Amino acid sequence: MDEPSMPTPPAHSPGPPAPPIPLAELLASKDLGLRRIAGPADADLLWVHTSEMADPYPYLLGGELLLSAGVLLTDPDHYVARLVEAGAAALGFGVRPVHETVPEALIEACDRYGLPLLEVPPETPFTTIARAVWRLMAEARHRELRRVTRAQQALATAAARPDPVPAVLHQLAAQLSGRAVLLTGRGEEVHAAGRRPPPEAAAALARLARVVARERPGSPASATDTHGGTHLAAYALGGGEGLALALATRRREAGDHTVAGIAVVLLSLLAAPHQGADAADRSAALVRLLLGATPAEVAPLLGSAGPWTVIHARRSDGTTADALTAGALGASLGSALVDAGREGGDTVRVLLPSTAGEATREAGGGEAAARREATLQPGGGEAAARREVTPQPGGGEEPPTPPQAPTVPAQPGWTLGVSAPTPLAALGSADLRAARALAHAEATRAPLTVDTPVTGLAALIPPGQAAAHARTLLAPLTPPLAETLRCWLSLHGSWDRTAVALAVHRNTVRQRIGRCAVLLGVDLNDMDVRTELWFALRQE
């Protein structure tokens, strides 16, 4: 007699809200007295159903543990084939009063079709089995909810880190015990965390990500696959820029999809400022245009004459920030104009519009925020407060108040250098001053340094005359020497800090400062000399 062909189970109806229960857990309940006598040991139970019909196929949803005493059992082979065709997970057969033992033909049929067969002793009511399954489901649901809650808290904490995108991926990989990858629509890896899957599975994962990342109507939001025992999943990130989250795990547990969904929402929000390589390149190109072009060229792009604040930033741990991390910094500062340093540098540049700065100042509280800002400057406190007062000879009218230094909050994990608010015509100079402020912050180990505008007595001198005097005084110095002198004076003559700020050896600083003293013919230990040189260097 030919072996019967295995019927193909139909697509299952949506499962219950509770996770499936492994058959082994039910068999482990010793008080039930259940014994597997045929079929495989592995099965997942979604429901419990009792039926004494000769053919219960029309009434099954799939995934059931079907309980029966075999009242109308006449053809075990046909009966089991129909159960498998309906997608039943297992069959529980109650002995007595109808059958003294489980029919041998039923055992053989279950072995042939691969359907787990359980022997139910006479003292175990079917309702007791159903109650045990529902209890196990409730316990599993509770475990799943606790796991999802812990994962949600861990992912939210990771999203608040200075490097949110890599941190979320690392935490997601840890929660799922697998690999988490952020991929572009072309399959290029942006960030990854967790153990690498085999090369074949990695290639399949990249193909799966391209399916959900396609920017066309009808593209699925998620897709799953299995390759060589590795479970694969891909999720499209919101924003329509072709980024996808791809996951590879050795096992699939209840709650995995929910945890992945939380990560998708977080990554969609975090990646929004710099979704995709093209969007990042456009933003970086705009920043570079603004910092190098003429005001007439950039004015149509901005729609405003400013003022603008230039911010230079570097990661405090010395690592290079990628476009997504830099975009998150820009979002935190209130600007989408971010240059992630794609030319090989590790400095991130941000252009902060005046509206963002004003909103920050309003949130900080007017004069109180201005007073707090003064404490961030070298010689803060009373000296800073004195710089805010401009005495007028003869009681004349006060000159126009120079732009206030922007209230930019320090960013955890970053070191910032901030320029003063600047009109379009001076963005190039503001870029240089922001770079100097960043070097000053790193040399003094401060999280943030702001380059304040010229105020006080120095502001009383007409700019043209001040610039002419500075050019004459500093004429003997080459640009590197002038920059070294400016940095050295800004750091109150500290050799070590100047060396850190300029990324040179302290002996090089000593040699350059000595050369400056010789060329200028002055004693740099004289406070009056230092003051005049500082005034001249500030005119650059």
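Since we're looking at a predicted model, the values are computed, not measured.

1. Here we look at the confidence of the model for the chain
Thinking step 1. Of all residues in the chain, 75% attain a pLDDT of 70 or more, and the chain-wide mean is 78.
Thinking step 2. Here residues 274–278 scores under 50 on pLDDT; set against residues more than four positions off or in separate chains, the count is 16 contacts.
Thinking step 3. Predicted confidence is poor over residues 357–400, with pLDDT under 50, and the contacts of this stretch with residues over four places away or in other chains come to 45 contacts.

2. Describing empty space enclosed by the protein
Thinking step 1. Going through the model one piece at a time under the given rule, you end up with 1 cavity of 30 Å³ or more.
Thinking step 2. One number sums up the size of the largest cavity: a volume of about 40 Å³.
Thinking step 3. Together, Glu52, Met53, Ser68, Gly70, Val71, Leu72, Leu73, Tyr79 and Phe93 line the largest cavity.
Thinking step 4. Residue classes in the lining of the largest cavity are distributed as 6 nonpolar, 2 polar and 1 charged.

3. Considering the nonpolar core
Thinking step 1. Among the nonpolar cores identified, the biggest contains 31 residues, and Leu155, Val168, Leu169, Leu172, Leu245 and Leu247 are the most heavily contacted of them.
Thinking step 2. Secondary structure elements with two or more residues in this core: helix H4 (126–159), helix H5 (164–176), strand S8 (178–183), strand S11 (230–236), strand S12 (244–249) and helix H7 (256–271).
Thinking step 3. Among the elements that line this core, the one with the most residues is H7, at 9 residues.
Thinking step 4. If we skip the residues at most four places from it in the chain, Leu172 touches Leu155, Ala180, Leu245, Leu247, Val259, Ala260 and Ala263.

4. Concerning helix H6 (residues 199–213)
Thinking step 1. The end-to-end C-alpha separation of H6 is 21 Å, in line with the 21 Å expected for 15 residues at 1.5 Å each.
Thinking step 2. For H6, the complete set of buried residues consists of Ala201, Ala204, Leu205, Ala206, Leu208, Ala209, Val212 and Ala213.
Thinking step 3. Buried-residue contacts for H6 involve S8, strand S10 (222–227), S11 and S12.

5. Some thoughts on the side chain of Arg315
Thinking step 1. Among the secondary structure elements, Arg315 is positioned in strand S13 (residues 308–315).
Thinking step 2. Exposure remark for Arg315: the relative accessible area of 10% places this residue in the buried category.

6. What to know about helix H17 (residues 495–502)
Thinking step 1. Of all the positions in H17, only Thr498, Ala499 and Ala501 are classed as buried. Across the axial projection of H17, the buried residues extend over an arc of 165°, all falling on one side.
Thinking step 2. Looking at the buried side of H17, the elements it contacts are helix H14 (427–444), helix H16 (479–490) and helix H18 (506–520).
Thinking step 3. Capping of H17 at its N-terminal end is provided by Ser494; its side-chain oxygen lies 3.2 Å from the backbone amide nitrogen of Arg497.
Thinking step 4. Phi for Ala503, located one or two positions after H17, is positive at around 60°.

The rules we used
Residues numbered from 1 in each chain as written. Predicted model: local features only at pLDDT ≥ 70, side-chain atom pairs only at ≥ 80, totals over all residues. Heavy atoms only, no water. pLDDT = per-residue confidence, 0-100. Contact = heavy atoms within 4.5 Å. 1 Å grid on protein atoms, 1.4 Å probe; cavity = no way out; pocket = protein on both sides within 12 Å on 5 of 7 lines; lining within 4 Å. Points joined across faces, edges and corners; volume = space filled by probe spheres on them. Nonpolar A, V, L, I, M, F, W, Y, C, P; charged D, E, K, R; others polar. Core = buried A, V, L, I, M, F, W, Y, C linked by side-chain atoms within 4.5 Å. Buried < 20%, exposed > 50% of the residue type's maximum accessible area, 1.4 Å probe, protein only. Helix = DSSP H or I, 4+ residues; strand = E, 2+ residues; numbered from the N terminus. Expected span 1.5 Å × (residues − 1). Arc of directions from axis to C-beta. Polar contact = N/O pair within 3.5 Å; in protein donor to acceptor, adjacent residues only side chain to side chain.

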